[in-house]
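Below, each chain spelled out in residue letters.
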Amino acid sequence: MSLQSHILAEEQQYPGATGDFSWILSAISLSAKTIANKVRRARIDDVLGEHGESAQNVHGEQQQKLDVLANELIMRCLGDRANVGVLASEEDEEPRLLRARGEGGRYAVLFDPLDGSSNLDFCVGVGTIFSIIKLSDEHPTDAEAAILQQGVHQVAAGYVLYGSSVVLILTTGRGVHMFVLDQSIGSFVLVERDIKIPTVSKTYSVNEAYTDTFPPGYKQYLSWAHQEGYSSRYIGSMVADVHRTLLKGGVFLYPPTAQHPSGKLRLMYEANPMAMVIEQAGGKAINGETAICDMSPTGLHQRTSVILGSTEEVEHVQRFL
Ligand code: P6P
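Since the model is a prediction, treat every value here as computed from it, not as a measurement. (Residues numbered from 1 in each chain as written. Predicted model: local features only at pLDDT ≥ 70, side-chain atom pairs only at ≥ 80, totals over all residues. Heavy atoms only, no water.)

Visitor: Help me get a handle on the nonpolar core, residues and values and all.
Guide: By size, the foremost hydrophobic cluster in this structure holds 42 residues, and its most contacted members are L110, I147, I169 and L246. It is helix α8 (residues 267-280) that contributes the most residues to this core, eight residues altogether. When residues of this core are assigned to domains, at least three fall in each of domain 1 (3-192) and domain 2 (203-320). Ranked by size, the runner-up nonpolar core spans 39 residues in total, among them M75, V84, L87 and V126. (Core = buried A, V, L, I, M, F, W, Y, C linked by side-chain atoms within 4.5 Å. Buried < 20%, exposed > 50% of the residue type's maximum accessible area, 1.4 Å probe, protein only. Helix = DSSP H or I, 4+ residues; strand = E, 2+ residues; numbered from the N terminus. Domains from an automatic or database assignment.)

Written as structure tokens, this is what we have:
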């Protein structure tokens, strides 16, 4: 079954469905295929490396050429979908109001176009993370206010991992499904339906270089995990680390550090979508105290600490916090 036929089959489950939502998911699929092609050809087309001396994104992070390209590709693919009202990207300071709700802009798509792109030069897996929310009449012209919704209100979320194969993980609130891009036919094909994260796995994923600056509870957890014989897996690319955690179990953590006292990862287009995927797969995703999807956002680029993965493994961390 292709992604397209899966989406249409899902749509038929909802008699009142207008097809709007499916139209957006097909745009995400199109941009994923296009970005995958660019990532595959990066060395050949010489789009690796940094995008001009001074180019930095809103967070002062050096922008990679492919970041910019991926951002533009997604903006164009999604921008021409008549039911998309707002697009918000990690690469842009402000969200883009494309159509007011009254003009048919019923959804907002928030995304990190190429997360982990600093790893591109070394052929490490990078990814696109997306979160889809419905727009209400509450903020007809204030794009940022309209999209600052709790993660629990996401209608869909997922990611594309450009790794040894191109994998698309999607949830629309009815389980998590995995598709792999079959380059020979140019379609994402369904390879696993309703993925459930393993309940237990003695693996943690964290950048231990920052251990000295973690809050005490995290240090105690790591000491405990070392004594319990846990193994460590950390790629430094969130989509790759979360994908492994989804399929193999374990816990992925990005705690508060000296450099990022509130955590490094962004709530709206990294933590929230990943939290929806992990929870839909039967796992848990918290910020150290509460569920990530219950956090009330205050800004599009707000950061948060993240602990997500197998419920039992997340709860081991929680006990020390
Ligand atoms: P650190 C990549 O830059 C990223 O945003 C995520 O993909 C990844 O999980 C994290 O930062 C890695 O951060 O501090 O361990 O290099």
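Once you've had a look at it, read on.
Visitor: Could you give me a rundown of the sheet that holds strand β3 (residues 107-115), with the residues and numbers involved?
Guide: Strand order in the open sheet formed by eight strands is β2-β1-β3-β4-β5-β6-β7-β8, with mixed pairing between adjacent strands. The sheet terminates laterally at β2 (96-97) and β8 (187-192), the two strands that pair on one side only. Relative to β2, strand β1 (residues 84-89) runs antiparallel, the two sharing two bridges. Bridge pairing in β2 links V86 to L97. Contacting β3, β4 (126-134), β5 (154-162), β6 (166-171) and β7 (176-182), helix α7 (residues 238-248) runs over the sheet at an angle of about 105° to β5. (Pairing = 2+ DSSP bridges. Contact = heavy atoms within 4.5 Å. Axes fitted to C-alpha atoms, helices over the stretch in contact; angles between N-to-C directions.)

Visitor: Explain helix α6 (residues 216-227) to me, using residue names and the numbers behind them.
Guide: The end-to-end C-alpha distance of α6 is 17 Å, a good match for the 16 Å that twelve residues give at a rise of 1.5 Å each. Along α6, the positions that sit buried rather than exposed are G217, Y218, Y221, L222, W224 and A225. Along α6, the residues classed as buried sweep out an arc of 160° about the axis, all on the same side. Residues P216 and Q227 are exposed on α6 and point more than 90 degrees away from its buried face. Turning to α6, the residues buried within the fold contact β9 (203-205), β11 (251-254), β15 (306-309) and α9 (311-320). G229 occupies a position one or two residues after α6 and carries a positive phi of about 75°. (Expected span 1.5 Å × (residues − 1). Arc of directions from axis to C-beta.)

Visitor: Give a detailed account of the side chain of E90, specifying residues and quantitative values.
Guide: The topology assignment puts E90 in the loop between β1 and β2. When sequence neighbours within four positions are dropped, the list of residues in contact with E90 reads N57, V58, H59, E61, F111, D112, P113, R266, Y269 and H301.

Visitor: Explain the environment of G116 to me, using residue names and the numbers behind them.
Guide: Structurally, G116 is set in the loop between β3 and β4. Placed 119 residues apart in sequence, G116 and I235 show a C-alpha to C-alpha distance of 9.5 Å. With residues up to four places along the chain from it excluded, the contact list for G116 reads V126 and S237.

Visitor: Give me the pattern of salt bridges: which residues, what numbers.
Guide: Under the definition given, this model contains eleven salt bridges. With its nearest N and O atoms 2.9 Å apart, the salt bridge here joins R266 to E90. Of this pair, R266 sits in strand β12 (residues 265-266) while E90 is found in the loop between β1 and β2, placing the two residues 176 residues apart along the sequence. Its relative accessible area of 5% is what places E90 among the buried residues. The salt bridge involving K196 is made with D194; its shortest N-O contact spans 3.7 Å. Through salt bridges with shared partners, a single ionic network connects E72, R76, D92 and R96. (Salt bridge = Lys/Arg side-chain N within 4 Å of Asp/Glu carboxyl O.)

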